[in-house]
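Single-letter residue listing:
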Amino acid sequence: MAHRGFSGAIDKINNKQCQVAHETHLECLNDYNTQNDYICKETFEAYKRWCPSDVRARLSIRDFENRASRELWGSN
C-alpha cells in the first residue's frame with residue numbers, strides 16, 4: 001500500500017506502480033466496454049491499493065476529459 005506521504009511524484013517506484021495499475025484497469029474496462037469499476041474487481045483493487053485517493057481523483061478527471069475530447073472531436 002502507498003505510504004502516507006506519497007503525493008504521486010515523490011516516490012518514483014510507487015508512482016510507476018500506480019501508473020501501471022491505472023493503465024491495466026483502463027485496459028480491463030475497455031475490454032468489457034464499460035465504465036463500471038466493479039466489473040474489473042481485481043484491477044480496481046490494485047488501482048486503489050497503489051494510487052492514493054488524491055491521485056485517483058486527478059486521474060479520474062483526466063480520463064473524463066480525454067473521453068469527452070474523443071467524443072467531441074472524434075478519435076484519430
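One structure accompanies this document, and this report is about it. Note that the structure is a prediction, hence the values are computed from the model and not measured. (Residues numbered from 1 in each chain as written. Predicted model: local features only at pLDDT ≥ 70, side-chain atom pairs only at ≥ 80, totals over all residues. Heavy atoms only, no water.)

### Looking at the nonpolar core
Within the largest apolar cluster, 7 residues are counted, these being Cys-18, Ala-21, Phe-44, Tyr-47, Cys-51, Val-55 and Leu-59. Listing elements by their share of this core, those giving two or more residues are helix H1 (12–32), helix H2 (41–50) and helix H3 (53–73). Setting aside anything within four residues of it in sequence, one finds Tyr-47 in contact with Ala-21, His-22, His-25, Arg-56 and Leu-59. (Core = buried A, V, L, I, M, F, W, Y, C linked by side-chain atoms within 4.5 Å. Buried < 20%, exposed > 50% of the residue type's maximum accessible area, 1.4 Å probe, protein only. Helix = DSSP H or I, 4+ residues; strand = E, 2+ residues; numbered from the N terminus. Contact = heavy atoms within 4.5 Å.)

### What to know about the state of the cysteines
The tally for this structure, following the rule as stated, stands at 2 disulfides. Here Cys-18 connects covalently by a disulfide to Cys-51, the sulfurs 1.9 Å from one another. Between Cys-18 and Cys-51 the sulfur-sulfur dihedral comes to about 115°; the bridge is accordingly right-handed. A residue pair is termed long-range when its members are at least 10 positions apart, and Cys-18 in helix H1 and Cys-51 in the loop between H2 and H3 qualify at 33 residues. No difference in accessibility class separates Cys-18 from Cys-51, as the two residues are buried. Here Cys-28 connects covalently by a disulfide to Cys-40, the sulfurs 2.0 Å from one another. The disulfide joining Cys-28 to Cys-40 has a torsion of about -90° about its S-S bond and is therefore left-handed. Taken together, the positions of Cys-28 in helix H1 and Cys-40 in the loop between H1 and H2 put the pair 12 residues apart, joining distant regions of the chain. Assessed through its relative accessible area of 17%, Cys-28 is described here as buried. With a relative accessible area of 1%, Cys-40 lands in the buried category. What connects to what in the chain, once the bonded cysteines are numbered by sequence position, is 1-4, 2-3. (Disulfide = S-S within 2.5 Å.)

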